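# A structural walkthrough
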Amino acid sequence: MSPVAEALLLSVEVATAATLLFAPLAVVSGLALARWTHPLRSALETVVLAPLVLPPVVTGALLLWLVAPLGLAFTTAAAVLAAGVVAFPLFVRPIRQAAEGIDPGLAEAAATLGASKGEVLRTITWPLLRPGVISGAVLAFARALGEFGATITIAGSIPGSTRTLPLAVHAALQRPGGESEAIGMVGICLVLALGAVGVSEALARNHR
């Protein structure tokens, strides 16, 4: 397998694992931010949005200090964690928007007709929330594919283990004569990123 194909495959595996791993937490966080009235809601919002404003290398350093005692630093698991944390705000936002668009009266009406909380969740809340979850998952997957700063800080750039496509681009640019290889990988990154944004926007339009 060529280094480019190896990096692309690893990127897809890491991004997929990160998206699936953080999906339940993203759904819970999106619902909490949309409906929670507790004073701690502001604190939750700050934590969720922090990866958007922190430099990725700072996020990576914080994660490194967290997982290093567990022996997870510079492993594929560390790359998954970095990708998931950095992509998390983009996962939560569409879910929150979808949850805010759900009329509470629908659940109340179903409850008066004898529907249980589980039935309300399954037949009303989830179908209306699902487009936001899918849209968020697509955006999070794309962001995880492109993650660089936090990943190289917590996981390094180990071929076949943590060297995802963005890290492979960086490695190629540091090597004499590696510009042509880097250009090809940059093109792949652009196609994947623009395609994900297009799919997410299409889902959002259909939902509206």
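Residues numbered from 1 in each chain as written. Predicted model: local features only at pLDDT ≥ 70, side-chain atom pairs only at ≥ 80, totals over all residues. Heavy atoms only, no water.

### With respect to the overall build of the protein chain
Heads up, the rule is: Helix and strand definitions here come from DSSP, where helices need a minimum of 4 consecutive H or I residues and strands a minimum of 2 consecutive E residues; each element is numbered from the N-terminal end. Three exposure classes are used, based on accessible area relative to the maximum for each residue type with a 1.4 Å probe and protein chains only: buried under 20%, partly exposed in between, and exposed over 50%.
Looking only at helices and strands, the protein chain features 9 helices and 0 strands. When the elements of the protein chain are put in sequence order from the N terminus, they spell out α-α-α-α-α-α-α-α-α. When its C-alpha atoms are laid out on the principal axes, the protein chain stretches across 70 × 40 × 25 Å. Per-residue burial over the protein chain gives 37% buried out of 208 residues.

### Quick word on the environment of Val 80
Mapped onto the secondary structure, Val 80 falls in helix H4 (residues 76-100). For Val 80 and Pro 176, which are 96 residues apart along the polypeptide, the C-alpha to C-alpha distance reads 30 Å.

### Remarks on the nonpolar core
Here is the rule we go by: For the purposes of this section, nonpolar cores are sets of buried Ala, Val, Leu, Ile, Met, Phe, Trp, Tyr and Cys residues that join through side-chain atoms within 4.5 Å. The contact rule is simple, with two residues in contact once any of their heavy atoms fall within 4.5 Å.
Formed by 34 residues in total, the largest nonpolar core has its most connected members in Val 14, Ala 26, Phe 88, Val 92, Ile 95, Leu 129 and Ile 154. Elements supplying a minimum of two residues to this core: helix H1 (3-35), helix H3 (56-67), H4, helix H6 (117-145) and helix H7 (149-154). Here this core gets 14 residues from one element, more than from any other, and that element is H4. Ignoring sequence-local partners within four residues, the contact set of Ala 26 consists of Phe 88, Phe 91, Val 92 and Ile 95. Listed in part, the 7 residues of the second largest apolar core include Ala 7, Ala 172, Ala 182 and Met 185.

### Digging into a nonpolar patch on the surface
Rules: Residues form patches when they are more than 30% accessible in relative terms and have no salt bridge. Like charges link within 9 Å. Nonpolar side chains (Val, Leu, Ile, Met, Phe, Trp, Tyr) link within 5 Å. Under the convention used here, a 1.4 Å probe and the Shrake-Rupley method define accessible areas, while residue burial counts only the protein chains that appear. We count a salt bridge whenever a side-chain nitrogen from Lys or Arg sits within 4 Å of a carboxyl oxygen from Asp or Glu.
A surface patch of nonpolar side chains, amounting to about 770 Å² of accessible area, comprises Leu 49, Leu 52, Val 53, Leu 54, Val 57, Val 58, Leu 62 and Trp 65. Counting residues per element, the ones that place at least two in the nonpolar patch are helix H2 (41-53) and H3. A per-element tally of the nonpolar patch places H3 first, with 4 residues. Within the fold, Leu 62 resides in helix H3.

### Some remarks on H3
To be explicit about the condition: Any helix carries an expected span of 1.5 Å times its number of residues minus one.
A rise of 1.5 Å per residue sets the reference length of H3, with its 12 residues, at 16 Å; its end C-alpha atoms lie 16 Å apart and thus fit the reference within 8%. When we look at burial in H3, the residues that qualify are Thr 59, Gly 60, Ala 61, Leu 63 and Val 67. Contacts from the buried residues of H3 go to H2, H4 and H7.

Taken by themselves, the reported measurements are silent on function.
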